[in-house]
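Single-letter residue listing:
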Amino acid sequence: MKVVPLSIPEVILLTPPRFGDNRGFFSETYNYDAMAKAGLTEPFVQDNQSLSRQKGVVRGLHCQLDPYAQGKLVRVTKGAIWDVAVDARTNSPTYGKWVAAELSAENWSQLWIPPGFLHGFVTLQEETEVLYKCTALYNKSSERSVKWDCPELNIEWPIDPQNAVLSEKDLAAPGFSAAKGWFSYNKG
């Protein structure tokens, strides 16, 4: 497993090997021991899958508050996304900073986004399927959102904002200032 911490080191890009032959390929996409070596030891309790039919579908920026805060291990099985994590941990040295990576069925990479981060993505191709493992169950009352193109964050999305396809919930999301105090930073 290739393991690459991003500029916010808690967010990690992981690429499991694929072993191919004339039939196709095999890949061990999750292995507890390999993930533990990369620093991911939290148990996963829920798997989610989404299908976005259009290019330019934006999902996010989302999180859940404690005690339902979710860490997510995100991967793409068909198509491609630009996957974004925003540090929402008050007093963190990287509070309000973001990192992103392209995840695709072709590059086979996965992104680990720990609890305390906002998560969102935009589809780069039609018919994109995203799978993600979560460390906490979904809880509607703890769900929060931040506007995907919030000027406070200045995220460099690889699409024209006029072409973004959003849900009503994401269109109504507040700016990043609303996230102050949602999570605290625990050094070490």
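Computed from a prediction, not measured in an experiment: that's the story for all the values here.

Reading guide: rules and limits
- Residues numbered from 1 in each chain as written.
- Predicted model: local features only at pLDDT ≥ 70, side-chain atom pairs only at ≥ 80, totals over all residues.
- Heavy atoms only, no water.
- Helix = DSSP H or I, 4+ residues; strand = E, 2+ residues; numbered from the N terminus.
- Rg over C-alpha atoms; globule rule 2.2 N^0.38 Å.
- Buried < 20%, exposed > 50% of the residue type's maximum accessible area, 1.4 Å probe, protein only.
- Contact = heavy atoms within 4.5 Å.
- Areas by Shrake-Rupley, 256 points an atom, 1.4 Å probe, with all protein chains shown as cover.
- Lys, Arg positive; Asp, Glu negative; His and termini not counted.
- Charge placed at Lys NZ, Arg CZ, Asp CG, Glu CD.
- UniProt positions renumbered as here; feature names shortened; annotations may be inferred.
- 1 Å grid on protein atoms, 1.4 Å probe; cavity = no way out; pocket = protein on both sides within 12 Å on 5 of 7 lines; lining within 4 Å.
- Polar contact = N/O pair within 3.5 Å; in protein donor to acceptor, adjacent residues only side chain to side chain.
- Salt bridge = Lys/Arg side-chain N within 4 Å of Asp/Glu carboxyl O.
- Disulfide = S-S within 2.5 Å.

J.: I'd like to hear about the overall build of the protein, residue by residue, with values.
T.: Assigned secondary structure in the protein consists of two helices and 15 strands. Compactness check: the protein gives a C-alpha radius of gyration of 16 Å against a globular reference of 16 Å for 188 residues, within 12% of the reference. Within the protein, buried positions represent 49% of all 188 residues. Considering only residue pairs separated by 6 or more positions, the protein has 80% of its internal contacts joining residues 24 or more positions apart. When the accessible surface of the protein is split by element, carbon and sulfur atoms take 49% of a total near 9700 Å². The average position of the 19 basic charges and that of the 21 acidic charges among the side chains of the protein differ by 2 Å.

J.: Any details on the UniProt feature "active site" (unreviewed entry) in the protein? Residues and values, ideally.
T.: In the numbering used here, UniProt assigns the feature "active site" (unreviewed entry) to His 62 and Tyr 132. On the basis of their most widely separated C-alpha atoms, the annotated residues across 71 residues gather in one place, lying no more than 13.5 Å apart. Lining residues of the largest cavity drawn from the annotated list: His 62. Topologically, His 62 is positioned in strand E6 (residues 58-64). Since its relative accessible area comes to 18%, His 62 is described here as buried. Here His 62 is in contact with Phe 117, Leu 118, His 119, Arg 144, Ser 145, Lys 169 and Asp 170, once residues within four sequence places are set aside. A distance of 3.4 Å separates a polar side-chain atom of His 62 from the backbone nitrogen of Gly 60.

J.: Help me get a handle on the pattern of salt bridges, residues and values and all.
T.: For the coordinates displayed, the defined rule picks out seven salt bridges. With its nearest N and O atoms 2.6 Å apart, the salt bridge here joins Arg 23 to Asp 21. One salt bridge connects Asp 47 with Lys 133, and the closest N-O pair in it is separated by 3.2 Å. Here Asp 47, found in strand E5 (residues 46-52), pairs with Lys 133, found in strand E13 (residues 128-134); they are 86 residues apart in sequence, far enough to count as distant. Owing to a relative accessible area of 22%, Lys 133 belongs among the partly exposed residues under this scheme.

J.: I'd like a rundown of the environment of Pro 93, residues and numbers included.
T.: Inspection of the secondary structure puts Pro 93 in the loop between strand E9 (89-90) and strand E10 (98-104). Separated by 67 residues in sequence, Pro 93 and Phe 26 place their C-alpha atoms 40 Å apart.

J.: Break down the state of the cysteines for me, citing the residues and quoting the values.
T.: By the definition in use, this model includes zero disulfides. Among the cysteines around Cys 134, which has no disulfide bond, Cys 63 carries the closest sulfur, lying 12 Å off. Cysteine Cys 150 is unpaired, with the sulfur of Cys 63 as its nearest cysteine sulfur at 13 Å. Cys 150 sits in the buried class, given a relative accessible area of 3%.

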